[in-house]
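Chain residues, written in single-letter form:
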Amino acid sequence: DGQRVVTTGPYALVRHPMYAGIILMYLSIPVALGSCWALAFFVPVIALIIVRALDEERVLTRDLAGYEEYTRKVRYRLLPQVW
């Protein structure tokens with residue numbers, strides 16, 4: 001109760017900016033370590049983030065007034081012009 005849809009700042013570009021930031025952070029780890037092996041740990045994390053974002057959208061659409069309208073305005077979930 002009392003929650004509202006935020007449509008300013010990074011939320012004007014993507015619906016899940018925190019998850020986008022987490023993905024960017026995990027992409028930078030293999031580069032920082034100089035290890036291709038670290039990418040093996042990154043792939044499952046992306047899958048979990050995607051599942052989490054889709055589940056969160058289902059709940060928000062159902063329970064948060066105005067969220068469905070917001071999804072029509074902000075089409076992209078994690079990466080502008082992609083998804």
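None of the values given here were measured: they were computed from a predicted structure.

What counts and how
- Residues numbered from 1 in each chain as written.
- Predicted model: local features only at pLDDT ≥ 70, side-chain atom pairs only at ≥ 80, totals over all residues.
- Heavy atoms only, no water.
- Core = buried A, V, L, I, M, F, W, Y, C linked by side-chain atoms within 4.5 Å.
- Buried < 20%, exposed > 50% of the residue type's maximum accessible area, 1.4 Å probe, protein only.
- Helix = DSSP H or I, 4+ residues; strand = E, 2+ residues; numbered from the N terminus.
- Contact = heavy atoms within 4.5 Å.
- pLDDT = per-residue confidence, 0-100.
- Expected span 1.5 Å × (residues − 1).
- 1 Å grid on protein atoms, 1.4 Å probe; cavity = no way out; pocket = protein on both sides within 12 Å on 5 of 7 lines; lining within 4 Å.
- Points joined across faces, edges and corners; volume = space filled by probe spheres on them.
- Nonpolar A, V, L, I, M, F, W, Y, C, P; charged D, E, K, R; others polar.

Engineer: Quick question: what am I supposed to make of the nonpolar core here?
Structural biologist: Within soluble globular proteins, side chains that are nonpolar tend to cluster in buried spots. Formed by Tyr19, Ile23, Phe42, Val45, Ile49, Ala53 and Leu78, the largest nonpolar core amounts to 7 residues. Among the secondary structure elements, those contributing two or more residues to this core are helix H1 (17-33) and helix H2 (39-63). If one sorts the elements of this core by residue count, H2 sits on top with 4 residues. Not counting residues up to four positions away in its chain, the partners in contact with Ile49 are Tyr19, Ile22 and Ile23. Of all hydrophobic cores here, the second largest spans 5 residues; its members include Val5, Leu64, Tyr70 and Val74.

Engineer: Could you clarify how one ought to interpret the confidence of the model for the protein in this entry?
Structural biologist: Note: predicted coordinates in regions of low pLDDT should not be interpreted at a detailed level. Predicted confidence across the protein gives a mean pLDDT of 91, with 100% of residues reaching 70 or more. Between the elements of the protein, mean pLDDT differs from a low of 90, seen in H1, to a high of 95, seen in helix H3 (residues 67-73).

Engineer: How should H2 be read in this particular structure?
Structural biologist: At 3.6 residues per turn, the α-helix brings residues three or four places apart onto the same side. Between its first and last C-alpha, H2 extends 36 Å over 25 residues, near the 36 Å set by a 1.5 Å rise per residue. Residues of H2 that are buried: Phe42, Val45, Ile49, Ala53 and Glu57. Taken together, the buried residues of H2 touch H1 and H3.

Engineer: What exactly am I supposed to notice about the layout of surface pockets here?
Structural biologist: Rolled over the atoms, a probe as big as a water molecule pinpoints where empty space is left. In this structure, the largest pocket spans a volume of roughly 340 Å³. Lining the largest pocket are 17 residues; nearest its centre among them are Tyr11, Arg15, Glu56, Leu60 and Tyr67. Those elements giving two or more residues to the lining of the largest pocket turn out to be H1, H2 and H3. No other element matches H2, which puts 4 residues into the lining of the largest pocket. The residue inventory of the lining of the largest pocket, partitioned by class, reads 11 nonpolar, 2 polar and 4 charged. Considering only enclosed or pocket space, the second largest pocket measures out at about 200 Å³ in volume. Broken down by secondary-structure element, the contributors of at least two residues to the lining of the second largest pocket are H1 and H2. Counting residues per element, the lining of the second largest pocket draws most heavily on H1, which supplies 5 residues. For the lining of the second largest pocket, the class distribution of residues is 10 nonpolar, 1 polar and no charged.

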